[in-house]
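One-letter residues, chain by chain:
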Amino acid sequence: MMRPHRVPEWADTDPRRTPIALRRELIKLGYNDRALGRLKRTGVLAQPRRGAYVDGPTYAGLDEKGCYAVRTRTIMKQANTTVVASHVSSAVEYDAPTWGLDLGLTHLTRVDGEAGRKEAGVQQHCGKLIDGDVVSRNGIDMTSGTRTAIEVTTVADVEPSLIVVNHLLHHALTTEAALAERYTAEGAAMERWPHSLKTDLVLRLANPKIESAGETRTFMLCFRKHIPMPEPQVEISDPNGVVVARVDFAWPQFKVFLEFDGKIKYQRLLRPGETITDVVLREKRREELICRLTGWRCIRITWADLENPDATAAMIMRELMRQDAA
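Computed from a predicted structure; not experimentally measured.

*Asks:* Outline the overall build of the chain, supporting the account with residue identities and numerical values.
*Replies:* If you tally the helices and strands in the chain, you get 14 helices and 13 strands. Referenced to the eigenvectors of the C-alpha coordinate spread, the extents of the chain come out at roughly 80 × 50 × 35 Å. For the chain, the exposed area adds up to about 16600 Å²; of that, 52% sits on carbon and sulfur atoms. Of the side-chain charges in the chain, 46 are positive and 43 negative, and the distance between the mean point of each set is 5 Å.

What follows is the structure, encoded as structure tokens:
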């Protein structure tokens, strides 16, 4: 497996790090509520949260995850105690996929150990923080990749949690050993946290080779539908032993491999001057090469297929069980 580079921190000029001004700060500068209201109506300012303002055009240009990141920073600035971004909020800071996650709720963990509370789109947590649990990233304090991975499993379902954990593993933001150690840490074991019943399953299924949300969902489809579990990221070699391709999943014993076709995947494969059509044609030639070298058959599925799991699982099983497989 070719491991991608660690997810870089956001640049100082990244719009997700746009400066935030609280109402009281602007009042001291001479603005009044009428002026602030006018600036908001005309789009000069935007209000990610009551009592806080950011540059209007910058905020308007952000996607859902970007707006969520700005709200996280706003709420941290407004907090009356010291907090760190955690759970889903820290997962967003690591650029994790957010499929199945609730972006209507900002998660913060108090560093004073006092009981947290939930109010107006904010969940404060009071889990015990130990050495290594908090890092500085993207200009804010947040939980480490290891702690974030485990935290997410306590607030999200198994599938979206596994997507986040695989992302953090694949990008070397944590390791399987680090997760196991932190999960059972003496005096601060996360295995006894509320809502952690799903955590053990997620950690057992997690695999750093799985590269994307679509691949994780495909893996979960196999698990839930009792399909023989495939091997992820299988390398294909030519007769000289040179690796010429990798496939998303393979069942060598059934002579079948599977490729997940997602929009992001094709965008990632684009070369300078190419169109999506060029990528599709190149992928088709790549598929033909793999089939010639291995004698395997190819299954391709998309996001739409994942929305029809029963039919997709049946199709995969039919291909695995084909009687004409050599």
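*Asks:* How would you sum up the layout of surface pockets? Please name residues and give values.
*Replies:* There is about 260 Å³ of room inside the second largest pocket. Elements that contribute at least two residues to the lining of the second largest pocket include exactly α1 (23-28), α4 (64-78) and β7 (122-125). Of the residues that constitute the lining of the second largest pocket, the class distribution is 4 nonpolar, 4 polar and 5 charged.

*Asks:* With reference to specific residues and values, describe the packing of helix α6 (residues 145-152) against helix α8 (residues 176-183).
*Replies:* Between α6 and α8, the least distance of the axes is 9 Å, while the angle of their chain directions is 65°. Comparing their axes, α8 and α6 come out roughly perpendicular. Seen from above, α6 lies across α8 with right-handed handedness. Contacts from T146, R147, A149 and I150 of α6 reach α8 at A178, L179, R182 and Y183. Tallied by class, the residues present in the contact of α6 with α8 amount to 5 nonpolar, 1 polar and 2 charged.

*Asks:* Can you lay out the sheet that holds strand β2 (residues 45-49) for me, pointing to particular residues and giving the numbers?
*Replies:* Across the sheet, 3 strands lie side by side as β1-β3-β2; this open sheet has antiparallel pairing. A strand with exactly one partner marks an edge of an open sheet, and here the two such strands are β1 (21-22) and β2. Against the sheet, α4 contacts β1, β2 and β3 (52-55), and its axis sits at roughly 70° relative to β2.

Definitions and limits used
- Residues numbered from 1 in each chain as written.
- Predicted model: local features only at pLDDT ≥ 70, side-chain atom pairs only at ≥ 80, totals over all residues.
- Heavy atoms only, no water.
- Helix = DSSP H or I, 4+ residues; strand = E, 2+ residues; numbered from the N terminus.
- Areas by Shrake-Rupley, 256 points an atom, 1.4 Å probe, with all protein chains shown as cover.
- Lys, Arg positive; Asp, Glu negative; His and termini not counted.
- Charge placed at Lys NZ, Arg CZ, Asp CG, Glu CD.
- 1 Å grid on protein atoms, 1.4 Å probe; cavity = no way out; pocket = protein on both sides within 12 Å on 5 of 7 lines; lining within 4 Å.
- Points joined across faces, edges and corners; volume = space filled by probe spheres on them.
- Nonpolar A, V, L, I, M, F, W, Y, C, P; charged D, E, K, R; others polar.
- Axes fitted to C-alpha atoms, helices over the stretch in contact; angles between N-to-C directions.
- Parallel < 35°, antiparallel > 145°, perpendicular 65-115°, else oblique.
- Left-handed = near helix turned anticlockwise from the far one by under 90°.
- Contact = heavy atoms within 4.5 Å.
- Pairing = 2+ DSSP bridges.

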